[in-house]
Amino acid sequence: MDKNENIIWHPNKVTPEDRQKVLGQKGLVVWFTGLSGSGKSTIAVEVEKKLTDAGYAAYLLDGDNIRHGINSDLGFTDQDRNENIRRIGEIAALFRDAGIITLVSFISPFRKMRETARERAGEGNFIEVWVSTDLQTCMERDPKGLYKKDIKNFTGKDSVYEEPLHPEIVLDTAGTIPEECAETVYREIVVRMGES
């Protein structure tokens, strides 16, 4: 028997459009992906601050922070990484449905899972931001000291990172300061908000 066989979606009287009217904005998922040390979280923090200062309702879901709570039971096997992204994709879709601009900063190394997150967010509600900083630069930065450790299944070293094929935004922090990168993302979000 399928474990979901007896679960039925419960209808709601409030639509995403109703929630958007209350907040005065469209819900959106902005998905930052890239290697450890590429600058994803640093840029996402700046974008969240810019959005909040401009009066938008925004929330940042950071990979390390999420692993302290809802995903604390997961390791770093491919299966666990897929489950990590599946869960955060579902959470981001719920936030988007609530009308929140949801910034997601996860390595999310596999294309298939990023595409699943895009599908869950819905057509036109997802911006993939590839922080494309090269491995050498990430290793030289190594803000958490992870590249120096002997970590099994570490993305970029002994575990694959599948580069995005068609990201909406590509940022290389090797030659651009975080504030400039954040401004690029912020401008794209504001354009999307104008479409709602």
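See the structure shown above.
Scope of this entry: the structure provided in the associated data block.

Rules used in this analysis
Residues numbered from 1 in each chain as written. Predicted model: local features only at pLDDT ≥ 70, side-chain atom pairs only at ≥ 80, totals over all residues. Heavy atoms only, no water. Helix = DSSP H or I, 4+ residues; strand = E, 2+ residues; numbered from the N terminus. Buried < 20%, exposed > 50% of the residue type's maximum accessible area, 1.4 Å probe, protein only. Polar contact = N/O pair within 3.5 Å; in protein donor to acceptor, adjacent residues only side chain to side chain. Pairing = 2+ DSSP bridges. Axes fitted to C-alpha atoms, helices over the stretch in contact; angles between N-to-C directions. Contact = heavy atoms within 4.5 Å.

**Concerning unusual backbone geometry**
At step 1: A positive phi angle is found at S108, which is not glycine, with a value near 40 degrees.
At step 2: With respect to the helices and strands, S108 occurs in the loop between β3 (101–105) and α5 (111–121).
At step 3: By relative accessible area, which is 2% here, S108 ends up buried.

**Here we look at the side chain of K26**
At step 1: Examined against the element boundaries, K26 turns out to sit in the loop between α1 (16–23) and β1 (28–33).
At step 2: Within the local environment of K26, its side chain forms a polar contact with the backbone oxygen of G124, the two atoms lying 3.2 Å apart.

**Regarding the sheet that holds β3**
At step 1: Read from one edge of the open sheet, five strands run β2-β3-β1-β4-β5, paired in parallel fashion. Of all strands in the sheet, those bounded by a partner on one side alone are β2 (58–62) and β5 (169–171). Across this sheet, the average inter-strand angle for adjacent strands is 20 degrees, counted without regard to direction.
At step 2: Strand direction decides the pairing type here: β2 and β3, joined by five bridges, are parallel. In the sheet register, Y59 faces β3, and the bridge partner there is T102.
At step 3: Those strands touched by α5 are β1 and β4 (126–131), and its axis lies near 155 degrees from that of β4.

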